[in-house]
Amino acid sequence: MALVPATTLKTCPLFKGFTDTGIQIFAGVAVARAFPKGTALFAEGKAGESLLIVAEGTVRLSAKSASGEDVSLGEVGSGEPLGELALVQKGERLCTATAVTDVSALEIRAADFQKLLATKPQACVKLLMGIVAHFGQKARENRDMLRTLIGKAPAA
């Protein structure tokens, strides 16, 4: 089954409240990607250059703890974004994303987002606000895991 970018974007919380026109702006730069089971979508510590949105399949997120252990951060599935901070700032990936099953995803590259910022600033700001809201929600949901990664025990 062929990946339909607009359909996939509509299922993603980052694009909640977007009009069809707004969805089409990003569908126009999104690239369909396929990742066979067991392959890395991206690796912790490597440069983050794109946002990925899972269309089908399951992706495991993991990161190294202060002691060097591989810590599972959970799994994401259809409609969920990965690596969204790559559109906000240049930097290294905070975790590793590995395909648990065969995965199809949409990729929005930071370079394409920067070009859109010049021509479609309102749509880009709306997406950035969605990224900030989503990231804040995930941080709140995963406070205890975040404490583990930074080597601090949860407060009693």
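The present account deals with the structure reproduced in this document. As the structure is a computational prediction, the values presented were derived from the model and not from experiment.

## Here's the deal with the nonpolar core
Working step 1: Leu9, Phe15, Phe26, Ile108 and Leu127 are the most contacted members of the largest nonpolar core, which totals 24 residues.
Working step 2: Setting aside its immediate chain neighbours within four residues, Leu9 contacts Phe15, Ile23, Phe26, Ala27, Ile53, Leu106 and Ile108.
Working step 3: One finds Phe35, Leu52, Val76 and Leu82 within the second-largest nonpolar core, a separate group that totals 15 residues.

## Notes on the layout of surface pockets
Working step 1: If you add up the space inside the largest pocket, you get close to 800 Å³.
Working step 2: Every element with two or more residues in the lining of the largest pocket is listed here: strand E4 (59-64), strand E5 (70-76), strand E6 (81-82), helix H4 (121-141) and helix H5 (143-149).
Working step 3: A breakdown of the residues in the lining of the largest pocket according to their chemical character gives 16 nonpolar, 7 polar and 7 charged.

## Focus: the pairing of strand E3 (residues 50-56)
Working step 1: In terms of burial, E3 is largely enclosed, as 6 of its 7 residues are buried.
Working step 2: Where E3 meets strand E8 (residues 103-109), 6 bridges bridge the pair, whose relative direction is antiparallel. Its bridge partner being in E8, Leu51 is matched across the sheet by Ile108.
Working step 3: In terms of strand pairing, E3 meets E6 through 2 bridges, oriented antiparallel.

Scoring rules and cut-offs
Residues numbered from 1 in each chain as written. Predicted model: local features only at pLDDT ≥ 70, side-chain atom pairs only at ≥ 80, totals over all residues. Heavy atoms only, no water. Core = buried A, V, L, I, M, F, W, Y, C linked by side-chain atoms within 4.5 Å. Buried < 20%, exposed > 50% of the residue type's maximum accessible area, 1.4 Å probe, protein only. Contact = heavy atoms within 4.5 Å. 1 Å grid on protein atoms, 1.4 Å probe; cavity = no way out; pocket = protein on both sides within 12 Å on 5 of 7 lines; lining within 4 Å. Points joined across faces, edges and corners; volume = space filled by probe spheres on them. Helix = DSSP H or I, 4+ residues; strand = E, 2+ residues; numbered from the N terminus. Nonpolar A, V, L, I, M, F, W, Y, C, P; charged D, E, K, R; others polar. Pairing = 2+ DSSP bridges.

Nothing here speaks to function; it is geometry throughout.
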